[in-house]
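Secondary and tertiary structure notes
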Amino acid sequence: MADLNSLEELGSAIEGVETDASPATQESAPIYVQKLDDQGRAYATGKRKDAVARVWIKPGSGKITINKRDGDVYFARPVLQMILRQPVVAANRDGQYDVVATVSGGGLSGQAGAVRHGISKALTNFEPDLRPVLKKGGFLTRDSRVVERKKYGRAKARKSFQFSKR
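The following refers to the structure shown. Every chain begins its residue count from 1, and numbering advances along the sequence as written. Only residues with pLDDT of at least 70 are given local features in this predicted model, and only at 80 or more are side-chain atom pairs given and counted; all residues enter the totals for whole chains, interfaces and linings. With hydrogens and water set aside, each side-chain value is computed from the structure's full complement of heavy atoms.

Fitted lines through C-alpha atoms give the axes, limited to the stretch in contact for helices. The angle between two N-to-C directions lies from 0 to 180 degrees. Numbering goes from the N terminus for both helices and strands, where a helix is a DSSP run of H or I of at least four residues and a strand is a run of E of at least two. Between helix α3 (residues 78-90) and helix α4 (residues 108-126), the least distance of the axes is 8 Å, while the angle of their chain directions is 15°. Accordingly, the angle class assigned to the pair α3 and α4 is roughly parallel. When the axes of α3 and α4 are compared, the crossing they make is right-handed. Residues L80, I83, L84, Q86, P87 and V88 of α3 touch α4, and the partners they reach there are L108, S109, A112, G113, V115, R116, I119, S120 and L123. Here the angle decides the label: under 35 degrees means roughly parallel, over 145 means roughly antiparallel, 65 to 115 means roughly perpendicular, and every other value means oblique. Handedness of each helix crossing follows the sense of rotation of the near helix against the far helix: counterclockwise by less than a right angle gives left-handed, clockwise gives right-handed. Here, residues are in contact when the closest pair of their heavy atoms is within 4.5 Å.

Next comes the structure, spelled out in structure tokens:
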């Protein structure tokens, strides 16, 4: 490159250089498209603690089936039932999709969170326009909190054994 002695020379040198500003080379926001299987269902995997849920949604009457059982029977506590319905209610799609999920691992609370995460991701696969609403509600973010491992020389992860002076 030529020697530049002033700011004016630098400005003219920059203007002389052709910039490759075509839209294809510039990075832009990703475009989300509908992802359906052969049967017209959207699939997603949800995770929470040690629980993993495989979730399929399709247009229907709002029935939720978990591990081949009704959602209200599998998750009997009202709080867990509310957790399942949160993403559908936030997207104003209550009663419009049937949900089929298989969930394993963890306890009931973790499984409900995993199914909620899976429903949210499946909704975005079925209707990409719902992504901003679900993202704002925090439904697409995987809750990464897991149980801390037990350390050696300790009773549990942080609890010490009882101290004895004598």
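On to the sheet that holds strand β2 (residues 51-59), then. In spatial order, the strands read β1-β2-β5-β3-β4; together these five strands make up an open sheet with mixed pairing. The sheet is open, and its two edges are formed by β1 (42-48) and β4 (69-70), each paired on a single side. In the packing of α4 onto the sheet, the strands contacted are β1, β2 and β5 (97-104), and the crossing angle to β1 comes to about 150°. Two strands pair if DSSP finds at least two bridges between them.

Quick look at the nonpolar core now. Ranked by size, the top nonpolar core spans 30 residues in total, and within it I57, I66 and L123 carry the most contacts. Residue assignment for this core shows that the elements contributing at least two residues are β1, β2, β3 (64-66), α3, β5 and α4. Counting residues per element, this core draws most heavily on α4, which supplies seven residues. With residues up to four places along the chain from it excluded, the contact list for L123 reads I57, P87, V88, Y97, L130 and L134. Grouping buried Ala, Val, Leu, Ile, Met, Phe, Trp, Tyr and Cys residues that are joined through side-chain atoms within 4.5 Å yields what is termed a nonpolar core. Only protein chains enter the calculation, and the probe is 1.4 Å; a residue is then buried if its accessible area is under 20% of its type maximum, exposed if over 50%, and partly exposed in between.

Here the focus is the pairing of β1. Residues A42, A44, G46 and R48 of β1 are buried on one face, while the alternating residues Y43, T45 and K47, pointing to the opposite face, are not. Pairing of β1 with β2, which is carried by seven bridges, proceeds in the antiparallel orientation. Note that in β2 the partner of G46 across the bridge is A53. Hairpin connection of β1 to β2: two residues between the antiparallel strands, including K49 at a positive phi of 50°.

Within the secondary structure, I57 sits in strand β2. For the pair I57 and K159, spaced 102 residues apart in the sequence, the C-alpha separation amounts to 43 Å. If we skip the residues at most four places from it in the chain, I57 touches G40, R41, A42, Y97, D98, V99, A122, L123 and F126.

The subject of this paragraph is the environment of Q34. Relative to the helices and strands, Q34 is located in the loop between α1 (7-16) and β1. When the C-alpha positions of Q34 and G46 are compared, they lie 18 Å apart, and in sequence the two are twelve residues distant. When sequence neighbours within four positions are dropped, the list of residues in contact with Q34 reads N125, F126 and P128.

Between 30 and 60 degrees the pair is tilted, below 30 it is stacked and above 60 it is edge-to-face, where a pair is any two Phe, Tyr or Trp rings, Trp via its six-membered ring, whose centres lie within 6.5 Å. Per the stated rule, a full pass over the model turns up three aromatic pairs. Look at Y43 and W56: their rings are 5.2 Å apart centre to centre, the planes differ by 45°, and that puts the pair in the tilted class. You can see Y43 sitting in strand β1 and its partner W56 sitting in strand β2, a full 13 residues away along the chain. Of the residues examined, Y43 reaches a relative accessible area of 36% and is grouped as partly exposed. When its relative accessible area of 19% is taken as the criterion, W56 is described as buried. Aromatic side chains Y97 and F126 sit 5.1 Å apart centroid to centroid with 75° between the ring planes, which places their arrangement in the edge-to-face category. Here the residue Y97 occupies a position in strand β5, and F126 occupies one in helix α4, the gap between them amounting to 29 residues. Look at Y97 and you get buried, because its relative accessible area is 9%. Taking relative accessible area as the criterion, F126 reaches 12% and is therefore assigned buried.

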